[in-house]
Amino acid sequence: MASSERSALLTYRLCGASGEEERGRERGRAVATATAPRKLPTFLGVVVPTLLSMFSVVLFLRLGFVVGHAGLYQALAMFAVAYFIIGMTVLSVCAIATNGALDAGGAYYMISRALGPEFGGSIGIMFFLANVCGSALYVLGLVEALVDSFGIPLGQKVGTGIHVLPQSYWYELLYGTVLLALCLLVCLVGASIYAKATFLIFLIVAGVLGTILVSFFAVQPLGVTIHLPYLNGSKTENGNFTGFSLATLQDNLGGGYGVDYTTGQRMSFSSVFAVMFNGCTGIMAGSNMSGDLKRPSYSIPRGTISAVLFTYLVYNLLAFLMCATCNRVLLQKDYGFLRDISIFPPLVTVGIYAATLSAAMSNLIGASRILYALARDDLFGRVLALAKKTSANGNPVMAVILSWLVVQLVLFSGKLNTIAGVVTTFFLLVYATVNLACLALEWASAPNFRPTFRYFTWHTCLLGIAGCCVMMFLISPVSASASLGFLLLLLLTLHYLSPSSTWGYISQALIFHQVRKYLLMLDVRKDHVKFWRPQMLLMVQNPRGSARLIDFVNDLKKSGLYVLGHVELQDLDMLPSDPLQPQQDSWLSLVDKLNVKAFVSLTLAPSVRHGVRQLLFTSGLGGMRPNTLVLGFYDDAAPQDGLAQHPAFTSTREEIPLGFPPLRAPAAPKLLSAREYVGIVADALKMLRNVLLARQLESLDKAQELRWAASPPPAIHVWPVNLLRPDSARYADTCSLFLLQMACVLNMARAWRRAHLRLFLCVEAGTMPHAQEEKLRQLLKDLRIQAQIQLVPWDAVTRLHWQTCRGPPGGPAGATEEEEEETMNFPANTTQVSDEYVCAANKLILEQSPAPVVRFLYLPRPPADTSLYPLYLHQLELLTRGLGPTVLVHGVSAVTSTQL
């Protein structure tokens, strides 16, 4: 048997796929496993990519811009806020990463396996877009550095010396396209070459960073001429490197927001923070390589935390050094000033190129891995089918090419600062979702959530979510709202596509946690009749013959508990395993197909009666237990396969996949006798459960009978008098009121609202029928039940009864309710009712036209003498013969209230 997530010890992963999926995946990557196994260690696979992603554009091209506009105090505050947000996120990433085996896809894999396919797929797309935009941002930063170093000055048509690159929007787009093609070539080779390339770039960047730190101390004060674009030409300003100066530091402590010379927009705290935060978005670079790491659960926490702490120290140190040595003009107007003040400017230039190129490659390869993971999980069907294709060594080349195409489209935006806010918003949204995934796992309190990294709590997750959301809307309310709207659209799309998965759904764990808590709060001692609702246990022998009955009881439950019960007549001692487990999925699929809100409860028993007793005793939990038993009627009618004709199955081409046996042949023996059937009714009443017996409900075509064009309008007939006991014509006993309540509940269901209740009042001559009618009308008014009352003379019917009994009519009419209950259980009552009388009562019911959609009749108690059970059932059969859909009702609990 194929293993699945249910065999947790056999195929346990963080939230991995089923055994079949795993074997298929392994077959598809057999060559890759042999030739290119996971081999990246912590330093090369996590620390280096994370440092390079965080030390790219912001460190070399925008850190001075941030400090120059915000000042030292606000810059340090920005770093604190940004690193607080990513710090909380890193803790969540580490917790999820150490809770099992990780596969390719990084943050997408973590979120999808924690929150399920809908959330995982939508966030995966958002994270893919974030990496795509991030790659474009770094390419634009590299273009900016190239043009700054080798571009022809604005206003000149011919360059001199090394300044040979023309400057214009289309030329810069061309440069970006060429650089992106270089990144594509490296990423197409594979993760191994990428890791080696990034290590070489890391050595260069480390050397450049050391040179910059030395330059702050070694270089003498100097002036820097800055060429700025102005109209169609350029203008010149002078910046100063003063060396360490207290006056310079004091001038740079406070904020001095000005105009960004590349976009012409005035800067503010939020816009500068949006640019600065791009230096913190690389924390997922190591996680994105999870499919290529030797030990992802070991490497990701240690490597990511180390890189984050190191970058935080470096950013704060450089911010202080810049404020103490460079005036505000130099910081704001010259993005490449670090090259101008360096002891060896060419090395800084090489470092800028290397770092930004590495970050662009890191984001491109990260986007391709996310796209490949999305395609492999089949969340979007054929839309991403092309991205599944890999090279011989397992590199997802088509995913890389598709990611490259999207990055190329983003390059048309033209300027780094233009897309910085969008990139920041995307990453903040992803980080908020990572925190949400960890928070959900923590709150669900699932026993299998046991991360080896324990330095997190639900408080850190909540703080991370709050920080991300606040900063998203502070940076750009429009971008944040648009991103959330797009995320919601993806969520709804995936929800309706209903992708199947065996990952496990955190929503199920959270629902279980909350339901358990509220069930404990549901105290049966606080029940009140005002809030009573029917809680149904419908016994079903074979769903093939009960599809319409199942649907009818679903309308009758009024938001109450609904349980489909089934008894399998077998002895577990004689079986090798539980035979009910394979059937469970078929019953649950039936519930889904019929679109009924029901639970399923199956049991093994030596007899049907014992099985029903078990279900009445054990079904439900706490305050949610069945209070009403519903049975089909016991007669000789041949069962009809209503499941095959049900719209839920006839609308699809496939055969009915449910594993239910064929219906009983008309000549085949039944599973229970008439005596046992009546015994079930008696058992339920002894257990203080209400009882409903449904006859010919399979002939009820609800769509046809309740259609809007139906003429005459549909009706529900209610006979709240015990027709088998004509000497007790009371309308206000417990059972009659329960019958009224059930008819009213059915009428309140959406599909039955057009139906009209018709209440039949059986009257005899000389009993003041109008007074009885007025009394019944007042009762209906007090109960807020809208029904039409129809008087039915039944002297001719009751005369047949008294002729048989030879007693005075209306003898015990004045008896108390308790006396009536005792009399009803007396054996002679059943024998005193003749077949002739019952047939006359049946004819009386049939004569009331027009024919209703369904009838509700009073169900008398079974006789105390069990030998009379067959006669009792015979009388019920005569009473309901030919009536069409009929429900016999006996209530034992008070269910109506006239109080507020």
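Residues numbered from 1 in each chain as written. Predicted model: local features only at pLDDT ≥ 70, side-chain atom pairs only at ≥ 80, totals over all residues. Heavy atoms only, no water.

Engineer: What is the right way to look at the overall build of the protein in this model?
Structural biologist: When helices and strands are counted, the protein shows 34 helices and 12 strands. Looking at the 900 residues of the protein, the share that counts as buried comes to 54%. Counting contacts in the protein only where the partners sit at least 6 residues apart, residues at least 24 apart contribute 82% of the total. As displayed, the protein has an accessible area near 39300 Å², and 61% of this comes from carbon and sulfur atoms. (Helix = DSSP H or I, 4+ residues; strand = E, 2+ residues; numbered from the N terminus. Buried < 20%, exposed > 50% of the residue type's maximum accessible area, 1.4 Å probe, protein only. Contact = heavy atoms within 4.5 Å. Areas by Shrake-Rupley, 256 points an atom, 1.4 Å probe, with all protein chains shown as cover.)

Engineer: Would you explain the sheet that holds strand 6 (residues 628–632) in this entry?
Structural biologist: An order of 5-4-3-6-7-12-11-8-9-10 is seen for the 10 strands of this open sheet, with the pairing classed as mixed. Only two strands of the sheet have a single partner each, and these edge strands are strand 5 (599–605) and strand 10 (788–793). On average, each strand axis in the sheet is tilted by 25° relative to the strand beside it, whichever way the strands run. Sheet strands touched by helix 29 (residues 769–782): strand 9 (756–763) and strand 10. Its angle to strand 9, the strand with the most contacts, is close to 145°. (Pairing = 2+ DSSP bridges. Axes fitted to C-alpha atoms, helices over the stretch in contact; angles between N-to-C directions.)

Engineer: Explain a nonpolar patch on the surface to me, please; I cannot follow it from the model alone.
Structural biologist: Taken together, the side chains of Phe43, Phe199, Leu200 and Leu203 present a nonpolar region at the surface, about 370 Å² in accessible area. When residues in the nonpolar patch are grouped by element, the largest group, three residues, is from helix 9 (residues 191–218). One can find Leu200 in helix 9. (Patch = residues over 30% accessible without salt bridge, like charges linked within 9 Å, V, L, I, M, F, W, Y side chains within 5 Å. Salt bridge = Lys/Arg side-chain N within 4 Å of Asp/Glu carboxyl O.)

Engineer: What exactly am I supposed to notice about the nonpolar core here?
Structural biologist: As a rule of thumb, nonpolar side chains are buried together in soluble globular proteins. Within the largest apolar cluster, 168 residues are counted, with the highest numbers of intra-cluster contacts made by Leu59, Phe60, Ile86, Phe216 and Leu318. Not counting chain neighbours up to four residues away, the residues in contact with Leu318 comprise Leu59, Leu63, Leu209, Ile212, Leu213 and Phe216. Counting 62 residues, the second-largest nonpolar core is a separate cluster that includes Leu538, Leu692, Tyr858 and Val887. (Core = buried A, V, L, I, M, F, W, Y, C linked by side-chain atoms within 4.5 Å.)

Engineer: Sorry if this is basic, but what is going on with the packing of helix 11 (residues 269–277) against helix 19 (residues 458–475) here?
Structural biologist: How two helices sit against one another is set out by the angle between their axes and by the gap between those axes. Here helix 11 crosses helix 19 at 120°, and the two axes come no closer than 8 Å. Residues Ser270, Phe273 and Ala274 of helix 11 pack against Met471, Leu474 and Ile475 of helix 19. Its residues assigned to classes, the contact of helix 11 with helix 19 comprises five nonpolar, one polar and no charged. (Nonpolar A, V, L, I, M, F, W, Y, C, P; charged D, E, K, R; others polar.)

Engineer: What is the right way to look at helix 22 (residues 547–556) in this model?
Structural biologist: Summarising burial for helix 22: eight of the 10 residues are buried, a large majority. Within helix 22 the residues assigned to the buried category are Ala547, Leu549, Ile550, Phe552, Val553, Asn554, Asp555 and Leu556. Positive phi appears at Lys558, one or two residues downstream of helix 22, with a value of about 50°.

Engineer: How should the side chain of Thr304 be read in this particular structure?
Structural biologist: Tracing the chain through its elements places Thr304 in helix 13 (residues 296–325). Using a relative accessible area of 2% as the deciding quantity, one classes Thr304 as buried. Not counting chain neighbours up to four residues away, the residues in contact with Thr304 comprise Val46, Val90, Ile283 and Ser299.

Engineer: How should I be thinking about the packing of aromatic side chains in this particular structure?
Structural biologist: Note on aromatic pairs: each is described by the distance of the centres and the angle between the planes. For the structure on display, the rule yields 23 aromatic pairs. Each member of the aromatic cluster is reached from another via a ring pair, and the members are Phe127, Phe269, Phe273, Phe277, Phe427 and Tyr431. The ring of Tyr335 carries Arg62 above its face, with NZ or CZ at 3.8 Å from the centroid. When the ring centre of Tyr298 is taken as origin, the NZ or CZ atom of Arg295, which lies over that ring, is 4.1 Å away. (Phe/Tyr/Trp six-rings, centres within 6.5 Å; stacked < 30°, edge-to-face > 60°. Lys NZ or Arg CZ within 6 Å of the ring centre and 35° of its normal.)

Engineer: Help me out: how do you make sense of the environment of Thr457 in this one?
Structural biologist: Mapped onto the elements of the fold, Thr457 is located in the loop between helix 18 (416–444) and helix 19. Expressed as a C-alpha distance, the spacing of Thr457 and Leu91, which sit 366 residues apart in the sequence, is 8.9 Å.

Engineer: Help me understand the pairing of strand 4 (residues 562–569) in this model?
Structural biologist: Note on strand geometry: in a regular strand, side chains alternate between the two faces of the sheet. Judged by how many residues are buried, strand 4 sits mostly within the fold: seven of eight residues are covered. Bridge count for strand 3 (residues 536–539) against strand 4 is four bridges, and the pairing is parallel. Its bridge partner being in strand 4, Met536 is matched across the sheet by Tyr562. Taken together, strand 3, helix 22 and strand 4 constitute a β-α-β crossover, and its handedness is right-handed. Of the pairings in the sheet, the one linking strand 4 to strand 5 comprises seven bridges and is parallel in character. Of the residues in strand 5, the one forming a bridge with Val567 is Thr603. For the crossover from strand 4 across helix 23 (residues 580–594) to strand 5, the handedness is right-handed. (Right-handed = clockwise from strand over helix to strand, strands pointing away.)

Engineer: How should I be thinking about the pattern of salt bridges in this particular structure?
Structural biologist: Pairing is possible between side chains of opposite charge, provided their charged atoms come close. Throughout the structure, instances matching the rule amount to 13 salt bridges. Of the charged contacts in the structure, one is a salt bridge between Lys702 and Asp555, with a shortest N-O distance of 2.7 Å. Taken as a pair, Lys702 in helix 27 (residues 702–705) and Asp555 in helix 22 lie far apart in primary sequence, 147 residues in all. Three or more residues joined by partner-sharing salt bridges are found here, namely Asp635, Arg695, Glu877 and Arg881.

Engineer: So what exactly am I meant to see when it comes to helix 24 (residues 608–618) here?
Structural biologist: Structurally, the α-helix is built with 3.6 residues per turn, so residues lying three or four positions apart point the same way. Inspection of helix 24 places Val608, Gly611, Val612, Leu615 and Leu616 among the buried residues, and these make up the whole buried set. Buried positions in helix 24, seen along its axis, are confined to an arc of 135° and lie on one side of it. What points out from helix 24, more than 90 degrees from its buried face, is the exposed set Phe617 and Thr618. Considering only its buried residues, helix 24 is in contact with strand 3, strand 4, strand 5, strand 6 and helix 26 (674–686). Two residues or fewer after helix 24 comes Gly620, characterised by a positive phi angle close to 85°. (Arc of directions from axis to C-beta.)

Engineer: Quick question: what am I supposed to make of the confidence of the model for the protein here?
Structural biologist: Parts of the prediction with low pLDDT should not have their coordinates interpreted in detail. Taken residue by residue, the protein gives an average pLDDT of 81. The fraction at 70 or more is 85%. Under a pLDDT of 50 for its full length, residues 1–36 has, in the predicted model, 57 contacts with residues more than four places off or in other chains. Note that residues 807–828 has pLDDT below 50 and, in this model, 27 contacts with residues that lie over four places away or in other chains. (pLDDT = per-residue confidence, 0-100.)

Engineer: How do you make sense of the environment of Trp719 when you look at a structure like this?
Structural biologist: Tracing the backbone shows Trp719 in strand 8 (residues 715–719). On a C-alpha basis, the gap between Trp719 and Arg855 in space is 7.8 Å, while along the polypeptide they are 136 residues apart.

Engineer: I keep staring at empty space enclosed by the protein and nothing clicks. Help me out?
Structural biologist: Where empty space is left in the structure can be found by rolling a water-sized probe over the atoms. Applying the stated criterion to the full structure yields six cavities of 30 Å³ or more. If you add up the space inside the second largest cavity, you get close to 70 Å³. Forming the boundary of the second largest cavity are 12 residues, of which Ser53, Asn131, Thr281, Gly282 and Asn363 lie nearest the centre. By residue number, the principal contributor to the lining of the second largest cavity is helix 7 (residues 117–150), which donates three residues. (1 Å grid on protein atoms, 1.4 Å probe; cavity = no way out; pocket = protein on both sides within 12 Å on 5 of 7 lines; lining within 4 Å. Points joined across faces, edges and corners; volume = space filled by probe spheres on them.)

Engineer: Explanation requested: the side chain of Gln332 in the structure shown.
Structural biologist: Tracing the backbone shows Gln332 in helix 14 (residues 328–333). Its relative accessible area of 10% is what places Gln332 among the buried residues. Polar side-chain contacts of Gln332 include one of 3.1 Å to the backbone oxygen of Gly68. What Gln332 contacts, discounting residues up to four positions off in sequence, is Gly68, His69, Gly256, Gly258 and Tyr261. (Polar contact = N/O pair within 3.5 Å; in protein donor to acceptor, adjacent residues only side chain to side chain.)

Engineer: Can you help me understand unusual backbone geometry in this one?
Structural biologist: For residues that are not glycine, phi is negative in most cases, and the peptide bond is trans in most cases. In this chain, Ser849 is followed by Pro850 through a cis amide linkage whose omega measures 0°. A positive phi angle, near 55°, is found at Asp378, a position not held by glycine. Examined against the element boundaries, Asp378 turns out to sit in the loop between helix 16 (345–376) and helix 17 (397–410). Located in the positive-phi region is Arg784, a residue other than glycine, with phi close to 55°. Note that Arg784 resides in the loop between helix 29 and strand 10.

Engineer: Any chance you could explain the environment of Leu693 here in plain terms?
Structural biologist: Take Leu693: it is sitting in strand 7 (residues 690–695). For the pair Leu693 and Thr886, spaced 193 residues apart in sequence, the C-alpha separation works out to 8.2 Å. Not counting residues within four places of it along the chain, the set of residues in contact with Leu693 comprises Leu631, Phe633, Tyr677, Val681, Leu859, Leu876, Thr886, Val887 and Leu888.

Engineer: Explain a positive patch on the surface to me, please; I cannot follow it from the model alone.
Structural biologist: Positive charge collects at one region of the surface, where Arg533, Lys558, Arg750 and Arg753 lie side by side. Locating Arg533 in the fold gives a position in the loop between helix 21 (506–521) and strand 3. (Lys, Arg positive; Asp, Glu negative; His and termini not counted. Charge placed at Lys NZ, Arg CZ, Asp CG, Glu CD.)

Engineer: Is there a simple way to think about the pairing of strand 6 in this case?
Structural biologist: Among the five residues that make up strand 6, four are buried, leaving the element largely enclosed by the rest of the structure. As defined by bridge partners, strand 3 adjoins strand 6 across three bridges and the pair is classed as parallel. Looking across to strand 6, one finds that Leu538 is bridged to Val630.

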